[in-house]
Amino acid sequence: MKILNALVLLILLLCYHIGIAQKRPEAYSVRGIIADSVTHKVMTFITVNLMKAPNTVLKVDYSKEDGSFAFVGLEAGNYSLDMVGVGYKTKRIAISLTDSLHKTIDLGMVPLGSAMVGLQEVVVTGTKQILKQEIDRITYDLQADPESKVVNVLEMMRKVPLLSLDADNNILLKGNSDFKILINGKPSSMMERSYKDILRTMPASSIERIEVITSPPAKYDAEGLAGIINIITTKKLDNGYNGSANISERFPNGGPGLGGSVSAKLGKFGISAFGGANLYTNLPIRVGIQRFTSGLQPTMLLQEGTTESKSRTGYLGYEMSYELDSLNLISAQFNLNGNRSEGYTIQTSSLMDSDVRLQGYRLENNNTGNGNGLDASVNYQRGFRSNKNRLLTFSYRYLSYGSQQKADLSISDQLNYIRPDYRQVNDQRFAEQTFQVDYVHPVKKHQIEAGLKGILRDNKSDFQYAVVDSVTGRYSIQPSISNRFRNTQNVFGAYTTYQYALKNWGIKAGVRIEETVIDADFMSVDSRVKRTYVNLIPSVSINRKLRNNSGLILSYTQRIQRPGIYQLNPFVDRSNPNFERTGNPDLRPALVNDIQLTFSGSGKIQLSTGLGFTFFRDLIFPVSVYDSTTNITRTSYGNTGTAKLPSLYVNVNLPVTKRWNVSINSRVAYGMVQGVVNGVLIKNEGLMYQASLSTSYKLPKDWRLTANLQPNGPSINLQGATNRMMSSSVSVNKDLIKDKLSVASSINNPFRKYRQNLSTTSGPDFQQTSFRWDYFRSFTMSLNYKFGKLRESIKKNKRGIRNDDVQSGN
């Protein structure tokens, strides 16, 4: 009976379900494929929400590797689909599932457009999205520039708006050498000593983009008169791995180089690393100085000779992150770098009075140098369930770097000049600890940021001057002109910023207050200097979004320049007996007020142009004074200058055809400088300009030809100027394997083997010209390889330590 009852119950249940199934209508479905509206490439991991009411989500799906999504088993009715992706506009599509004859709706290809937010940025679009204008910065996409496959990062700086290179390949930001360089938004020891050695080692193909932060908001430290350069090495990282490698050779000047990067993500753990190394040889070139003096006994000094050098540079950067959960993220960074150099200079010196040779000698200088640096940081980021953009971040960073220069100098063929052979050693060390907390609180169209920061710095220098004993051949240190120096600099800051966005308007304003405590100790002479100063730094940017992805930005900011160890160090460089260089530990910070009006527009022509006016006060300038009793020109630093600098820059990118592209990056400014030198008011002014004209043409079978022309005008400083320069280059590259393997080569300045670099300096009683004949023509070959495939983005801290308040060493 039990078995029979169970069998009857089973039959009744089966009949019930059959009856329900007969009454249930056939289910509806909807499907489609999501693609980028510009590139038409399918997009993965785009969230698709099936909505029944405006705020009611019934089902959620994600686009697959082929961009497809689907919802099945739907009841009849009216729905909507919301498609959401980071960096793209949310797209809503109304769906009506009421026609019993059409149970399946296929949307086909669904285009998703890039997000355009008035406060955040104005994107310049076109065939190649190379340039992006945001409310406080300009971004240059190196991956969109085919020339990045053949040159290094330093050379690519010529094409970035507001950046240029002078004759010595020093970077100028808005014509100024005082700025801060960041790597992935963070300071690094590899940029503190000699950024040129590192940047010319980095293959441009391994860099994602370069950001020029022209009006740094209050969250950035106040230092850097011209602004901040942020080099982004990391690309969009997804589940899996990817990387790139570059091998290059440059000759006759230069040498072999190797660089690359790799990224990987395994679940919640992500890592990325980049590194490189190169050998760089500067072949012997002709150098010299000519100086004329006036006064009771006018003289003419002529020094001529040759110089050559070799260097080895390497760097390694590592980043990692671990996502504890959707609200908690831990990340860490670690960087190492080092370099070694050796050089040899030989020169003859003659001091003349009319036709009479008053003094003469022959000098040989064997010099070596080495440096190393490291920095490490850890960050903890806490999100909030109520709003994922509300963030609290705690950060700590340690940075240190050091360098040692040693020169052995031998003097021979002496005429009325008595000095033994001598040796000078300068050992510099720098260490820094930073503690920081940042808080971001968005409320609808408003966003408030605030933070506290403490920086503890320790600068040390030990320099020694020793002379040889002609009998024993041993060197003895001269205490009177040797010294040990220590400088501690502690900076305590707080900031707050506010930003607000309307449909076509955006504003970002803030204020930062910093207290700096300095303690300088000249240990060898038992002397000490203490100083404290406070700076209140305002900043404001207003953005007006116009039609066709164009916009206007008006910004004002105040910045300061704190002297670094290179300018403070009282070490006296006597490697040339007639010219001495030293730092000044009594330097004060310099102030700058900067206002800019920028326009960005798009269409067939991508245009970014801006007007600016900058006023400098207590500007730190090299100051040269001639001593007639010793026939020595001494150069130090002083807060002696004020300057005014109206400027205009224009950046144009024009895709003439699908294959032919032309770009122009130019800047013109009129510098007006004045200051007191040796009790005399000196004024200097002049027109300065830099430009980079580039054209590229895509040939059949994935060949591309690029040509560049760079006219650079003179640079103006308090006591002199440098001469003009015109450079050119032609490069060709080919994709051997599409988006994987490419080969490139270039020739720089094919029509001139050498270029004469001239630098003039003058004072009340002297005028001198330094000249150098540099190798100008060079050849470069490189091989680039990309590998890997990624799917899901690695999370990174949105806030971290950025110590932007000390001038970069050049």
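Please read all numbers here as calculations on a predicted model, not as lab measurements. What you see as residue numbers is a count from 1 along each chain, following the sequence as written. Residue-level local features of this predicted model are given only where pLDDT is at least 70; pairs of side-chain atoms are given and counted only at 80 or more, and the full residue set underlies all totals for whole chains, interfaces and linings. Processing note: side-chain calculations cover all non-hydrogen atoms of the structure and skip hydrogens and water entirely.

**Re the overall build of the chain**
A tally of helices and strands in the chain yields four helices and 43 strands. Classification of residues uses two cut-offs on accessible area relative to the type maximum, computed with a 1.4 Å probe and protein chains only: under 20% is buried, over 50% is exposed, and between them is partly exposed. Residue burial in the chain is summarised as follows: out of 810 residues, 51% are buried. Residues are treated as being in contact if the distance between any of their heavy atoms lies within 4.5 Å. Across the chain, the fraction of contacts at a sequence separation of at least 24, relative to all contacts at a separation of at least 6, is 66%. To measure how exposed things are, a 1.4 Å probe is used in the Shrake-Rupley method; for residues, cover is taken only from the protein chains shown. Of the accessible surface of the chain, which amounts to about 37200 Å², a share of 58% is contributed by carbon and sulfur atoms. Working definition: helices are DSSP H or I runs of at least four residues, strands are E runs of at least two. Numbering for both runs from the N terminus.

**Some thoughts on the nonpolar core**
Residues enter a nonpolar core if they are buried and are Ala, Val, Leu, Ile, Met, Phe, Trp, Tyr or Cys, with the set joined through side-chain atoms within 4.5 Å. If you look at the biggest cluster of nonpolar residues, it comprises 36 residues, and the most contacted ones within it are Met-157, Ile-171, Met-191, Leu-199, Met-202, Ile-229 and Ile-231. Breaking this core down by element, the ones donating at least two residues are strand S10 (138-141), helix H2 (153-156), strand S11 (163-165), strand S12 (171-173), strand S13 (180-183), helix H3 (195-199), strand S14 (209-213) and strand S15 (228-232). Beyond its immediate sequence surroundings of up to four residues, Ile-231 is in contact with Val-153, Met-157, Ile-181, Leu-182, Ile-183, Asn-184, Leu-199, Ile-207 and Arg-209. Judged by nonpolar contacts, the second largest core, of 18 residues, contains Leu-50, Phe-69, Tyr-79 and Val-110.

**Side note on the packing of aromatic side chains**
Aromatic rings from Phe, Tyr and Trp, with only the six-membered ring used for Trp, were paired whenever their centres fell within 6.5 Å, and each pair was classed as stacked if the ring planes differed by under 30 degrees, edge-to-face if by over 60, and tilted otherwise. Going through the model one piece at a time under the given rule, you end up with 12 aromatic pairs. Taking 5.4 Å as the distance between ring centres and 20 degrees as the angle between the ring planes, the aromatic pair formed by Phe-251 and Phe-779 counts as stacked. Separated by 528 residues along the polypeptide, Phe-251 in strand S16 (residues 240-251) and Phe-779 in strand S43 (residues 778-789) bring together distant segments of the chain.

**Quick word on the environment of Thr-307**
Inspection of the secondary structure puts Thr-307 in strand S19 (residues 299-323). On the basis of relative accessibility, which here comes to 22%, the residue Thr-307 falls in the partly exposed class. Distance in space between the C-alpha atoms of Thr-307 and Glu-364 is 9.9 Å, their sequence separation being 57 residues. With near-sequence residues (within four places) excluded, Thr-307 lies in contact with Leu-283, Pro-284, Ile-285, Val-287, Tyr-344 and Thr-345. The term polar contact refers here to a pair of N or O atoms within 3.5 Å; inside protein, the definition further demands a hydrogen-donor-capable atom paired with an acceptor-capable atom, and it admits residues adjacent in sequence only when both atoms are side-chain atoms. Reaching out from Thr-307, the side chain makes a polar contact with the side chain of Thr-345 at a distance of 2.9 Å.

**Points about the side chain of Gln-436**
Take Gln-436: it is sitting in strand S23 (residues 422-443). Gln-436 gets classed as buried once you look at its relative accessible area, which sits at 10%. In this structure the side chain of Gln-436 is engaged in a polar contact, spanning 2.6 Å, whose partner is the side chain of Asp-438.

**So, the pairing of strand S32 (residues 590-601)**
For two strands to pair, DSSP has to find at least two bridges joining them. The sheet contact formed by strand S29 (residues 551-561) and S32 spans 11 bridges and is antiparallel. Opposite Gln-561, over in S32, you have Ala-590 as the bridge partner. Connecting S32 to the antiparallel partner strand S33 (residues 606-627) that follows it, the hairpin turn spans four residues, and Gly-603 within it adopts a positive phi of roughly 155 degrees.

**As for the side chain of Asn-661**
Structurally, Asn-661 is set in strand S35 (residues 660-677). Engagement of the side chain of Asn-661 in a polar contact is seen with the side chain of Asn-653, the distance being 3.0 Å. What Asn-661 contacts, discounting residues up to four positions off in sequence, is Asn-653, Leu-654, Pro-655, Val-656, Ser-694, Thr-695 and Ser-696.

**Things to note about a nonpolar patch on the surface**
Two joining distances apply to patches: 9 Å for like charges and 5 Å for nonpolar side chains (Val, Leu, Ile, Met, Phe, Trp, Tyr), and every residue must have over 30% relative accessible area and no salt bridge. When a carboxyl oxygen of Asp or Glu lies within 4 Å of a side-chain nitrogen of Lys or Arg, that pair is called a salt bridge. A contiguous nonpolar patch, built from Leu-502, Trp-505, Ile-542, Leu-546, Leu-552, Leu-554, Ile-595, Leu-597, Leu-611, Phe-613, Phe-615 and Leu-648 and spanning about 970 Å² of accessible area, is present on the exposed surface. Among the elements that make up the nonpolar patch, the one with the highest residue count is S33 (three residues). Locating Leu-597 in the fold gives a position in strand S32. Overall, the relative accessible area of 40% leaves Leu-597 in the partly exposed class.

**Digging into the sheet that holds strand S1 (residues 28-36)**
Across the sheet, which stays open at both edges, the three strands sit in the order S4-S1-S7 with mixed pairing between neighbours. The open sheet terminates on both sides in strands that have one partner only, identified here as strand S4 (68-74) and strand S7 (104-112). Averaged over neighbouring strand pairs, the angle between their axes works out to 15 degrees when direction is ignored. Between N-to-C directions, angles cover 0 to 180 degrees, with each direction set by a line fitted to C-alpha atoms, over the stretch in contact for helices.

**Digging into the pattern of salt bridges**
A complete count under the given rule lists 19 salt bridges for this structure. A salt bridge links Arg-397 to Glu-432; the shortest N-O distance between them is 2.5 Å. Remark: Glu-432 occurs in strand S23 and Arg-397 occurs in strand S22 (residues 387-415); sequence separation between them is 35 residues. The pair Arg-397 / Glu-432 is uniform in exposure class, with both members buried. Among the salt bridges present, the one from Asp-408 reaches Arg-423, with a minimum N-O distance of 2.4 Å. Of this pair, Asp-408 sits in strand S22 while Arg-423 sits in strand S23, and the two are 15 residues apart along the sequence. Overlapping salt bridges, with partners in common, bring together Arg-574, Glu-580, Asp-627 and Arg-634 in one network.

**Here we look at unusual backbone geometry**
Across the junction of Phe-251 and Pro-252, the peptide omega takes the value 0 degrees, indicating a cis bond. Relative to the helices and strands, Pro-252 resides in the loop between S16 and strand S17 (256-266). Despite not being glycine, Lys-701 has its phi angle at roughly 60 degrees, a positive value. Phi at Asp-702 takes a positive value of approximately 65 degrees, unusual for a residue other than glycine.

**Things to note about the environment of Leu-225**
Among the secondary structure elements, Leu-225 is positioned in the loop between S14 and S15. Since its relative accessible area comes to 5%, Leu-225 is described here as buried. Along the chain, Leu-225 and Arg-562 lie 337 residues apart, while their C-alpha atoms are 9.4 Å from each other. Not counting the four nearest positions on each side in its chain, Leu-225 is found in contact with Asn-176, Asp-178, Arg-559, Ile-560, Gln-561, Ala-590, Leu-591, Val-592, Phe-616 and Leu-619.

**Section: the confidence of the model for the chain**
The predictor rates its confidence in each residue with pLDDT, a number between 0 and 100. Averaged over every residue, the pLDDT of the chain is 84; residues scoring 70 or more account for 89%. For the stretch residues 116-128, pLDDT sits under 50, and the model shows 53 contacts to residues farther than four places along the chain or on other chains.

**A short note on the environment of Arg-357**
Locating Arg-357 in the fold gives a position in strand S21 (residues 356-384). By relative accessible area, Arg-357 is classed as partly exposed at 38%. Residues Arg-357 and Met-300, spaced 57 residues apart in sequence, show a C-alpha to C-alpha distance of 9.5 Å. Sequence-distant contacts of Arg-357, that is, excluding residues within four places in its chain, are made with Ser-349, Ser-350, Leu-351, Met-352 and Leu-415. Reaching out from Arg-357, the side chain makes a polar contact with the backbone oxygen of Ser-349 at a distance of 3.4 Å. Polar contacts involving the side chain of Arg-357 include one to the side chain of Ser-350, which spans 3.2 Å.

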